[in-house]
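Chain by chain, the residues:
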Amino acid sequence: MDTKKMQYENGSNSEEEHNKILQMRELVEKQDSTSKEYDDLTLRRFLRARDLDIDKACTMFLKYLKWRKSFVPTGSISVTEIPNHIAQNKLFMQGTDKSGRLITVVFGGRHYPNNPGGLEEFKRYVVFTLERIIARMPEGQEKFVSIADIQGWGYTNSDVRGYLAALSILQDYYPERLAKMFVVHVPYVFMAAWKMVYPFIDEKTKKKIVFVENKHLTSTLLKDIDESQLPDIYGGKLKLVPIQDS
């Protein structure tokens, strides 16, 4: 790929980065021919997730290829495979922040782990949402912004196994996709679950998570998101759009 085409939101490649992408491509294509289906931007995300360590990035990427073949054998997840989570109507996508990145809103208080689909359906739902977000990204964007709204969350919503599974999918298979997460309307009881999940969050992801006090909610979001692009429930102008309808 022409280096100029890689001048995306994180800036153009350094010469070192460009050379490492070439080296990585040669190594992964020798081990898995399907690597040829992925562009340099994808390899760059895996490299950056492993601080440009080629061996670690190759291991991570090859693990992703193996996972994808088994977990998403048809290449996509259908809404018919995740009916229980679609019915909970808990994740929305609309608008972009001031950097042009898509905005998602997820309501933790609408997630109930005890449904017939179990953990496997939830993992499929996570992949469905990430694939839908990526497919809708504006030209030149690789990342998205999330608002995690925990209002109304209680012990019946607690799903540490699910949270860890979602975290693993995001960090291991969709690296460098999350730009920033605002955690809002956080009830005190949620922090017990958070303390169980926090040790499993990698350092790069931790730096992207911002807990927002209720009294500073709208003003904090408006620093990153224009009023015209902010959901109306946070003082903006946009209506929420369910992820499956986006």
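Residues numbered from 1 in each chain as written. Predicted model: local features only at pLDDT ≥ 70, side-chain atom pairs only at ≥ 80, totals over all residues. Heavy atoms only, no water.

A. Looking closely at the overall build of the protein. Across its full length, the protein carries nine helices and five strands. Of the regular secondary structure in the protein, the N- to C-terminal order runs α-α-α-α-β-β-α-β-α-β-α-α-β-α. Projected onto the principal axes, the alpha-carbon positions of the protein cover approximately 50 × 40 × 35 Å. Looking at the protein residue by residue over its 246 residues, the buried ones come to 50%. Relative to all contacts within the protein whose residues are 6 or more apart in sequence, the contacts with residues 24 or more apart total 76%. When the accessible surface of the protein is split by element, carbon and sulfur atoms take 51% of a total near 12,300 Å². (Helix = DSSP H or I, 4+ residues; strand = E, 2+ residues; numbered from the N terminus. Buried < 20%, exposed > 50% of the residue type's maximum accessible area, 1.4 Å probe, protein only. Contact = heavy atoms within 4.5 Å. Areas by Shrake-Rupley, 256 points an atom, 1.4 Å probe, with all protein chains shown as cover.)

B. Focus on the pairing of strand 2 (residues 102–107). Extensive coverage of strand 2 is indicated by the burial of five of its six residues. Hairpin connection between strand 1 (residues 91–96) and strand 2: a loop of five residues separates the two successive antiparallel strands, and glycine 100 in this loop has a positive phi of roughly 85°. Across six bridges, strand 2 lies against strand 3 (residues 144–149) in parallel orientation. Each residue of the ladder has a partner; that of threonine 104, found in strand 3, is serine 146. (Pairing = 2+ DSSP bridges.)

C. Representation of empty space enclosed by the protein. On inspection of all chains with the given rule, the structure shows one cavity of 30 Å³ or more. In terms of residue count, helix 5 (residues 118–135) provides more of the lining of the largest cavity than any other element does, six residues in total. Considering only residue class, the lining of the largest cavity consists of 24 nonpolar, six polar and one charged. (1 Å grid on protein atoms, 1.4 Å probe; cavity = no way out; pocket = protein on both sides within 12 Å on 5 of 7 lines; lining within 4 Å. Points joined across faces, edges and corners; volume = space filled by probe spheres on them. Nonpolar A, V, L, I, M, F, W, Y, C, P; charged D, E, K, R; others polar.)

D. Looking closely at the sheet that holds strand 1. Strand order across the open sheet formed by five strands is 1-2-3-4-5, with mixed pairing between neighbours. Across the chains shown, the open sheet's two edge strands, defined by having one partner strand only, are strand 1 and strand 5 (209–211). Averaged over neighbouring strand pairs, the angle between their axes works out to 20° when direction is ignored. Bridge count for strand 4 (residues 178–184) against strand 5 is three bridges, and the pairing is parallel. Bridged to phenylalanine 182 within strand 5 is valine 210. Contacting strand 3 and strand 4, helix 9 (residues 217–224) runs over the sheet at an angle of about 170° to strand 4. (Axes fitted to C-alpha atoms, helices over the stretch in contact; angles between N-to-C directions.)

E. How the structure looks around the nonpolar core. Among the nonpolar cores identified, the biggest contains 41 residues, and Met24, Phe61, Tyr64, Trp67, Val127 and Tyr174 are the most heavily contacted of them. Secondary-structure elements contributing two or more residues to this core are helix 1 (15–31), helix 2 (40–49), helix 3 (54–71), strand 1, helix 5 and helix 6 (160–173). Tallying contributions element by element places helix 3 first for this core, with ten residues. Setting aside its immediate chain neighbours within four residues, phenylalanine 61 contacts Met24, Val28, Ser35, Tyr38, Thr42, Leu43 and Phe46. The next biggest cluster of nonpolar side chains, apart from the first, holds 15 residues, and it includes Ile103, Phe107, Val212 and Leu217. (Core = buried A, V, L, I, M, F, W, Y, C linked by side-chain atoms within 4.5 Å.)

F. Layout of helix 7 (residues 190–197). Taken residue by residue, helix 7 has Phe190, Ala193, Trp194 and Val197 as its buried positions. The arc that holds every buried residue of helix 7, seen down its axis, measures 105°, which confines them to one face. Opposite the buried face of helix 7, by more than 90 degrees, sit the exposed residues Lys195 and Met196. Packing partners of the buried residues in helix 7 comprise helix 6 and strand 5. (Arc of directions from axis to C-beta.)

G. Layout of the confidence of the model for the protein. Considering every residue of the protein, the mean pLDDT works out to 94; 95% of them sit at 70 or more. Taken together, the stretch residues 1–10 has pLDDT below 50 and engages in 27 contacts with residues farther than four places along the chain or on a different chain. (pLDDT = per-residue confidence, 0-100.)

H. Quick look at the packing of helix 3 against helix 5. Where helix 3 contacts helix 5, the two axes come as close as 13 Å, and the packing angle between them is 115°. As the angle between them shows, helix 3 and helix 5 are arranged roughly perpendicular. Between helix 3 and helix 5 lies a crossing whose hand is left-handed. Taking contact as the criterion, the partners of Trp67, Arg68 and Phe71 in helix 3 are, on helix 5, Glu120, Lys123, Arg124, Val127 and Glu131. In terms of residue class, the contact of helix 3 with helix 5 is made up of three nonpolar, no polar and five charged. (Parallel < 35°, antiparallel > 145°, perpendicular 65-115°, else oblique. Left-handed = near helix turned anticlockwise from the far one by under 90°.)

I. A look at the pairing of strand 1. Burial analysis of strand 1 places five of its six residues in the buried class, the great majority of the element. Pairing geometry for strand 1 and strand 2, over four bridges, is antiparallel. Of the residues in strand 2, the one forming a bridge with threonine 96 is leucine 102.

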